[in-house]
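Examination of the molecular architecture
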Amino acid sequence: AVTNILKPWEHAPGGAARGSCFVVDTSAFDGLNKQNQNGPMILTNHHVVKDQVRLEVGFPAYGDQRFEVELVATAPQKDLALLKLVNYDPNTCSLRPYILGDSDHLQDSVSVIAEGYPLGQTSCKVTQGTLSGVQTLRGAEFLQHTAFLNGGNSGGPLSVQTKEGKRVVGMNSMIIKGGRGMNYA
């Protein structure tokens, strides 16, 4: 099955996974940038890409054009997956990466912004909420927040506004069904 994780509203044959993802600035990743200079790196959730035979992404700015990606690394316990665009040509596709921030020094009650493609919608949606705190789930630390999430938001960035600009501090990963404001990145 083919998964288009940047256009989750499109249903791929065979019940492919749907979710969101984002291009990241890899200059802060020790050694990774040198190994993978051939294309931008993309972060999403492990549960979005697991069990998929082939992965491709689409960017709304490029219409129906598809870009093949390959899985570079995964951390199932933390629900993380790192992807790389295959055969990327910066002359035909210009992508603006998100800048990663530091989640270790966040204070409770800070405003957060969640982005993604919920419930099969065709454009990115943004919701705002508050950081509730850090919680350990499944042996990993997650940021609990109140920014509203739905299915399809998985893999989208959770950001804060800093004096340097918007910085990604987490990746939306799960909601607690039946809970109110129990969303995790």
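On a predicted model such as this, the values are computed, not experimentally measured, just so you know. (Residues numbered from 1 in each chain as written. Predicted model: local features only at pLDDT ≥ 70, side-chain atom pairs only at ≥ 80, totals over all residues. Heavy atoms only, no water.)

Describing the layout of surface pockets
Its volume calculated, the largest pocket comes out at about 700 Å³. Along the walls of the largest pocket sit 24 residues, with Leu80, Ser103, Val169, Gly170 and Met171 positioned nearest its centre. When residues of the lining of the largest pocket are traced back to their parent elements, those giving at least two are strand 6 (80-85), strand 9 (140-145) and strand 11 (165-171). Along the lines of polarity and charge, the residues of the lining of the largest pocket split into 15 nonpolar, five polar and four charged. The calculated volume of the second largest pocket comes to roughly 460 Å³. Taken together, the elements giving at least two residues each to the lining of the second largest pocket come down to strand 2 (22-24), strand 7 (111-116) and strand 11. Here the residues of the lining of the second largest pocket sort into 15 nonpolar, five polar and four charged. (1 Å grid on protein atoms, 1.4 Å probe; cavity = no way out; pocket = protein on both sides within 12 Å on 5 of 7 lines; lining within 4 Å. Points joined across faces, edges and corners; volume = space filled by probe spheres on them. Helix = DSSP H or I, 4+ residues; strand = E, 2+ residues; numbered from the N terminus. Nonpolar A, V, L, I, M, F, W, Y, C, P; charged D, E, K, R; others polar.)

Here we look at the confidence of the model for the protein chain
With 83% of its residues at a pLDDT of 70 or more, the protein chain has an overall mean of 80. A low-confidence stretch, residues 1-14 stays under pLDDT 50, and its non-local contacts, those more than four residues away or across chains, total 58 contacts. (pLDDT = per-residue confidence, 0-100. Contact = heavy atoms within 4.5 Å.)

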